[in-house]
Amino acid sequence: IRPLIKAGRLPHLGALLAEGWHTDLLSTTPPVTLPAWTSFLTSAPPARHGVTDLFVHSPNSYGLEPATGALRQLPTVLSRLSARGHRVCALGIPGTYPPESVNGICVSGFDAPSANRAGPEAVSPASAFETLEEAGDWTYNVFNEHSTRPERLRSAAEAILADIERKETTILKLYRREPWDLFFVHLQASDTVAHHFWHWHDPGSPRYDKGAPFDAVARIYERLDQLIGKLRAQLLPESRLLIVSDHGFGGASTTGVYINRWLQKEGYLNFLP
């Protein structure tokens, strides 16, 4: 974000860095979404809280299944504050499915089984689903990230921007409902755009493509900066605004290493017929 701030493209984040306190943080080991956000929620490392990766081995097999917040073995800040009578609204935080019973509203993150948007099973308490629908909705998969069609990225940036627009409506409506003690929002857009567009954004990436038709990473960050500005403008005088990330981004290698193939070549692994 620093080069974009220097270029004047992120005025609200720039103001926060200039007026507030900031530092670089290490991510968890591994630096993966579910373990990292669960560490933020519990103040414990993955080895203690129990969410150690995006996928876990299926019992008695070599298969994998998606990890969820059901693996978490420690209470979160959401439940701790709720137990003390504080009002909590948590929207889309990874690692919060099944949704916790909170004193307020909890909408699960993308580990929920809902296909594209949060259904009743992803919202707690049950009565809060109607509140969410009144405010808008909460979406997860905004485009097909696994498609191999080259043209998919042409429309992906617009889909991400449209998703931020929908979420902004929901966020602001819910934020205005009451003076929450904790209002916690997770936005996946900066992660999604970096996974798919970093090679068009970063000249230091081994996969850098200087023929990029547009800088999607900068555009998404600009739109998120606008949302931050709108929230910041509505903060109560005694409020504290925190902006955090679960991990950073960098260029990806042009080479893939298949560990199982190497193990087989060295005689350490055999494949089942």
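The paragraphs below set out a description of the structure included in this document. (Residues numbered from 1 in each chain as written. Predicted model: local features only at pLDDT ≥ 70, side-chain atom pairs only at ≥ 80, totals over all residues. Heavy atoms only, no water.)

### Some remarks on the environment of Gly 50
Along the chain, Gly 50 falls in the loop between α4 (46-49) and β1 (55-57). Counting along the chain gives 20 residues from Gly 50 to Ala 70, while the straight-line C-alpha distance between them is 9.4 Å. The contact partners of Gly 50, leaving out residues within four places of it in the chain, are Leu 71 and Gln 73. (Helix = DSSP H or I, 4+ residues; strand = E, 2+ residues; numbered from the N terminus. Contact = heavy atoms within 4.5 Å.)

### Let's talk about the side chain of Thr 170
Here Thr 170 is to be found in helix α7 (residues 152-175). If near-sequence neighbours (up to four positions away) are discounted, Thr 170 is found in contact with Leu 132, Ala 135, Gly 136, Asp 137 and Trp 138.

### Description of the pairing of strand β3 (residues 88-93)
Across the six residues of β3, six count as buried, placing the element largely inside the fold. Where β3 and strand β4 (residues 104-108) come together, five bridges link them in parallel fashion. Its bridge partner lying in β4, Ala 90 is registered against Cys 106. (Buried < 20%, exposed > 50% of the residue type's maximum accessible area, 1.4 Å probe, protein only. Pairing = 2+ DSSP bridges.)

### With respect to the environment of Ala 252
Mapped onto the fold, Ala 252 is located in the loop between α9 (216-233) and α10 (259-265). Overall, Ala 252 belongs to the partly exposed group, its relative accessible area being 37%. Between the C-alpha atoms of Ala 252 and Val 217, which are 35 residues apart in sequence, the distance is 15 Å. Look past the residues within four positions of Ala 252 in its chain and what remains in contact with it is Ser 205, Pro 206 and Arg 207.

### Brief notes about helix α3 (residues 33-42)
For α3, a buried count of nine out of 10 residues is recorded, marking the element as mostly surrounded by other parts of the structure. On its buried face, α3 sits against α4, α5 (77-83), β3, β6 (182-185) and α8 (189-201). With its phi angle positive at about 60°, Ser 43 sits one or two positions after the end of α3.

### Looking at the packing of aromatic side chains
For the structure on display, the rule yields seven aromatic pairs. Here Tyr 175 and Phe 183 contribute two aromatic rings whose centre-to-centre distance is 5.0 Å and whose plane-to-plane angle is 75°, an arrangement assigned as edge-to-face. By the burial criterion, Tyr 175 is buried, and Phe 183 matches it. Here the aromatic cluster, defined as three or more aromatic residues joined through ring pairs, consists of Trp 37, Phe 40 and Phe 184. Its guanidinium or amino end placed over the ring of Trp 138, Lys 167 lies 4.9 Å from that ring's centre, counting from NZ or CZ. (Phe/Tyr/Trp six-rings, centres within 6.5 Å; stacked < 30°, edge-to-face > 60°. Lys NZ or Arg CZ within 6 Å of the ring centre and 35° of its normal.)

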